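Breakdown of the fold
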Amino acid sequence: MNRYDIIIIGTGAGGGTIAQALSQTSARILIVERGDFVPQEEENWEPEAVWKHLRYRAREKWLDDRGREFAPYTHYGVGGNTKFWGSVLYRLRREDFQAMEHLDGVSPAWPIDYDTLAPYYDRAERLYHVRGADGDPTEPARAPYPYGAVPHAPEMAAIVEQLRAQGLHPSPLPLGLLRVGEDDGCILCNTCNSFACKLHAKSEADVCCVRPALSRPNVTLWTNSTATRLMTDPSGHRVEAADIIRNGEMVRVHAPLIILSCGAVNSAALLLRSANDKHPTGLANSSGLVGARYMAHLATMMQGFHPLRKNSTVFQKTVAINDFYLRGPKTSYPLGQIQSQGRTHGVMAQTVVPWIPLWAYEAWVSRGVDWLVMSEDLPDASNRVTVDAQDRIQLHYRPNNLAAHRRLVAETKRILRRLGFWIVMTHSHGSTNTTHQCGTLCFGTDPRSSVLDPYCRAHDIENLFVVDASFFPSSAAVNPGLTIAAQALRVADYIRDTEL
Ligand SMILES: Cc1cc2nc3c(=O)[nH]c(=O)nc-3n(C[C@H](O)[C@H](O)[C@H](O)COP(=O)(O)OP(=O)(O)OC[C@H]3O[C@@H](n4cnc5c(N)ncnc54)[C@H](O)[C@@H]3O)c2cc1C
Ligand code: SF4
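The following refers to the structure shown. Please read these numbers as outputs of a predicted model, since none were measured by experiment. (Residues numbered from 1 in each chain as written. Chains lettered and ligands numbered in written order. Predicted model: local features only at pLDDT ≥ 70, side-chain atom pairs only at ≥ 80, totals over all residues. Heavy atoms only, no water.)

Quick look at the overall build of the protein chain
- Each helix and strand counted, the protein chain has 10 helices and 24 strands in total.
- The C-alpha atoms of the protein chain give 22 Å as radius of gyration, which agrees with the globular expectation for 500 residues (23 Å, within 12%).
- Counting only C-alpha atoms, the protein chain reaches 70 × 45 × 45 Å along its principal axes.
- Looking at the protein chain residue by residue over its 500 residues, the buried ones come to 60%.
- Accessible area of the protein chain: about 19,200 Å², with a carbon and sulfur share of 51%.
- For the protein chain, the separation between the mean place of its 51 positive charges and that of its 52 negative charges on side chains is 4 Å. (Helix = DSSP H or I, 4+ residues; strand = E, 2+ residues; numbered from the N terminus. Rg over C-alpha atoms; globule rule 2.2 N^0.38 Å. Buried < 20%, exposed > 50% of the residue type's maximum accessible area, 1.4 Å probe, protein only. Areas by Shrake-Rupley, 256 points an atom, 1.4 Å probe, with all protein chains shown as cover. Lys, Arg positive; Asp, Glu negative; His and termini not counted. Charge placed at Lys NZ, Arg CZ, Asp CG, Glu CD.)

Some details on the sheet that holds strand β20 (residues 368-375)
- Strands sit in the order β10-β18-β19-β20-β17-β23 across an open sheet of six strands; the sheet is antiparallel. Looking along the sheet, the strands with just one partner apiece sit at the ends: β10 (170-172) and β23 (423-427). Within this sheet the neighbouring strands show an average axis-to-axis angle of 25 degrees, counted without direction.
- For strand β17 (residues 298-305) and β20, the ladder comprises eight bridges, and the chain directions are antiparallel. (Pairing = 2+ DSSP bridges. Axes fitted to C-alpha atoms, helices over the stretch in contact; angles between N-to-C directions.)

Quick notes on the site of ligand 2
- Taken together, Trp45, Leu177, Cys186, Ile187, Leu188, Cys189, Thr191, Cys192, Cys197, Ala201, Lys202 and Phe315 form the complete shell of residues around ligand 2.
- Taken together, the residues of the shell around ligand 2 break down into 10 nonpolar, one polar and one charged. (Near = heavy atom within 4 Å. Nonpolar A, V, L, I, M, F, W, Y, C, P; charged D, E, K, R; others polar.)

What to know about the environment of Asp388
- Tracing the chain through its elements places Asp388 in the loop between β21 (384-387) and β22 (393-396).
- Residue classification places Asp388 among the buried positions, given a relative accessible area of 18%.
- Separated by 331 residues in sequence, Asp388 and Arg57 have C-alpha atoms that sit 23 Å apart.
- Polar side-chain contacts of Asp388 include one of 2.9 Å to the backbone nitrogen of Gln390. (Polar contact = N/O pair within 3.5 Å; in protein donor to acceptor, adjacent residues only side chain to side chain.)

A few points about the packing of helix α1 (residues 13-22) against helix α10 (residues 481-498)
- Direction vectors running N to C along α1 and α10 enclose 35 degrees, while the axes themselves pass 8 Å from each other. In this structure, α1 crosses over α10, and the sense of that crossing is right-handed. Seen from α1, the contacting residues are Ala13, Gly14, Thr17, Ile18, Ala21 and Leu22; seen from α10, they are Gly481, Ile484, Ala485, Ala488, Leu489, Val491, Ala492 and Ile495.
- Its residues assigned to classes, the contact of α1 with α10 comprises 11 nonpolar, three polar and no charged. (Left-handed = near helix turned anticlockwise from the far one by under 90°. Contact = heavy atoms within 4.5 Å.)

Quick look at empty space enclosed by the protein
- Enumeration according to the criterion identifies three cavities of 30 Å³ or more in this entry.
- Within this model, the largest cavity holds a volume of roughly 90 Å³.
- Lining the largest cavity are 13 residues, and of these Trp45, Cys186, Cys189, Cys192 and Cys197 sit closest to its centre.
- Of the residues belonging to the lining of the largest cavity, the class tally is 11 nonpolar, one polar and one charged.
- In this structure, the second largest cavity occupies an estimated 50 Å³ of space.
- Lining the second largest cavity, in full, are Asp96, Met100, His102, Tyr325, Pro334, Leu335, Gly336, Ser375, Glu376, Asn401 and Ala477.
- Of the residues belonging to the lining of the second largest cavity, the class tally is five nonpolar, four polar and two charged. (1 Å grid on protein atoms, 1.4 Å probe; cavity = no way out; pocket = protein on both sides within 12 Å on 5 of 7 lines; lining within 4 Å. Points joined across faces, edges and corners; volume = space filled by probe spheres on them.)

Side note on the site of ligand 1
- Taken together, 38 residues surround ligand 1, and among them Gly14, Glu33, Asn81, Val88 and Gly481 come closest.
- Within the backbone of Arg34, an N or O atom sits 3.2 Å from a nitrogen atom of ligand 1.
- For the shell around ligand 1, the secondary structure elements donating two or more residues are α1, β13 (225-232) and α10.
- For the shell around ligand 1, the leading source of residues is β13, giving three residues.
- Partitioned by chemical class, the residues of the shell around ligand 1 number 13 nonpolar, 22 polar and three charged.

As for the environment of Glu46
- Relative to the elements of secondary structure, Glu46 occurs in the loop between β3 (29-32) and α2 (47-52).
- Residues Glu46 and Ala477, 431 residues apart in the sequence, show an inter-C-alpha distance of 30 Å.

Some details on the sheet that holds strand β11 (residues 175-176)
- Strand order in this open sheet of three strands is β9-β8-β11, and the pairing throughout is mixed. Where the open sheet ends on each side, the last strands, each with one partner, are β9 (147-148) and β11.
- Two elements, strand β8 (residues 130-132) and β11, share two bridges in a ladder whose sense is antiparallel. Looking across to β11, one finds that Val130 is bridged to Gly176.

Things to note about the nonpolar core
- Core analysis: the largest hydrophobic core is formed by 130 residues, its most contacted members being Ile9, Ile18, Tyr128, Leu230, Ile259 and Leu452.
- With 10 residues, α10 is the single largest residue contributor to this core.
- Look past the residues within four positions of Leu230 in its chain and what remains in contact with it is Ile9, Val239, Ala241, Ala242, Ile258, Leu260, Leu270, Leu271, Ser274, Leu283 and Leu464.
- Core analysis: the next-biggest nonpolar cluster, separate from the first, contains 22 residues, Leu408, Ile415, Leu419 and Phe421 among them. (Core = buried A, V, L, I, M, F, W, Y, C linked by side-chain atoms within 4.5 Å.)

What about the packing of α1 against helix α5 (residues 205-214)?
- Where α1 contacts α5, the two axes come as close as 8 Å, and the packing angle between them is 40 degrees. Between α1 and α5 lies a crossing whose hand is left-handed. When α1 is examined against α5, the residues Ala13, Gly16, Thr17, Ala19 and Gln20 are found in contact with a partner set consisting of Ala205, Cys208, Cys209, Val210 and Ala213.
- Considered class by class, the residues forming the contact of α1 with α5 number seven nonpolar, three polar and no charged.

Topic: the pattern of salt bridges
- If you walk through the whole model with that rule in mind, you get 30 salt bridges.
- Close ionic contact of Asp136 with Arg93 constitutes a salt bridge, the shortest N to O distance being 3.2 Å. With Asp136 in the loop between β8 and β9 and Arg93 in the loop between β5 (69-70) and β6 (100-102), this pair connects stretches of sequence that are 43 residues apart.
- On the accessibility criterion, Arg93 (0% relative accessible area) is buried.
- Measuring nitrogen to oxygen at the nearest pair gives 2.8 Å for the salt bridge that ties Asp206 to Arg211.
- Exposure remark for Arg211: the relative accessible area of 35% places this residue in the partly exposed category. (Salt bridge = Lys/Arg side-chain N within 4 Å of Asp/Glu carboxyl O.)

This is the structure we're talking about:
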């Protein structure tokens, strides 16, 4: 029989991190991953392969709230979405852990506070080689960054000075990059965010966690293996096995401890698919909240364009503006965050309006400076993941807090115009942008209003933990990855102390 001490399903920010942490125990661990390793190949850095042919994207289609198919922006492979992330690795702000009034309602409190997670943020930053520096007005008191900030390229340094002259407080973006400037390290190229790193110099879960875990004799990885169902014992209080389709064949694997980390959408879907007599509406769903409160951030890409100024910056993603994170200009409500982005490639821009020739886009983007504007969306029980009768994932999502986001976009436009850009372009993937999915199995102290407890253990099932982004009770407005990793380290400590 296939039997292990722990089964970890998924290898992204949550699963990869907890696998690395638990690999140092003597537990026999099976890691199950539906995708394969992303090959190191020329296409890693080819905009055509990545943006036109979608070479590394999940092939599956999901349904939107009106039942129309769409291609989710997500990746299945070792490392999960971290393989393609921009590696902007932020801590949540202290206030994000508390209830906060927003234009559209309340962002609820977390069951833990910043100080509880701070030591695990320290560890996660070391594990993911985070580079940063002081200067962010919203940054909580913290230990120094393990590595110094990536310096701004000359044009970005000039922009930072101009932003300061506008009375703003730009700060370095915290970035997870390995061995910058060293022989086998990061070369600060222009194909980082949304691309896999051909040099394996990006801090992501495959390189920083899964591969090191596999060097231990107690860890086994099954790739191309999709968990389709979790089985409980007759009491319904414990999971005892997972059904896995491995290379086309169904295999049942048993373990006294199962850790789910398939990403916020797929973990909820797996629990819903695992309904049985004792859990008729899905495993761990006595609250009715499995799949509910889906969030994904409100995100708009912006580009300041000046026809007479060529932008020679290669690595552009180094600047953050958090002045409006806790309150906006002319409003006491939080608006969100502004970050400089990686350079847009002509092919990426062409996906928006395909009939415009590539040379025109190349000419355009070579004169642009790119930004990402991100705001918090709020949990709403009717924004949820369901699985239909044909076993397809459906995402019912109506974005909220849009007025706050519009204000931030308008303010960013004003800032960019003051920097001298003639035109400011905006683009949003809207409700089909699933890159920052979270919230579908939220953690809390009350089993009636949460699915997981504060250590991410299912309230209803004593030996089931979930460590991907589903545990978020609110989405905050910074990138989620470091918080997922920090909580995974916290849960690993808890499991080691109480279960092993
Ligand atoms: C282009 C892009 C840029 C991003 N940039 C940033 C950034 O700069 N900073 C940041 O913090 N965040 C960023 N993110 C978001 C970040 O990547 C995610 O928040 C994070 O990876 C989520 O971690 P997770 O563990 O919840 O899920 P994932 O990383 O998605 O991992 C889930 C894993 O589970 C596997 N899986 C799914 N279903 C099954 C199944 N049934 N059986 C077996 N395996 C399964 C998947 O293949 C995957 O490996 C970005 C995301 C994208 C796509
Ligand atoms: S070399 Fe550096 S900047 Fe380029 S993809 Fe790799 S980690 Fe990102």
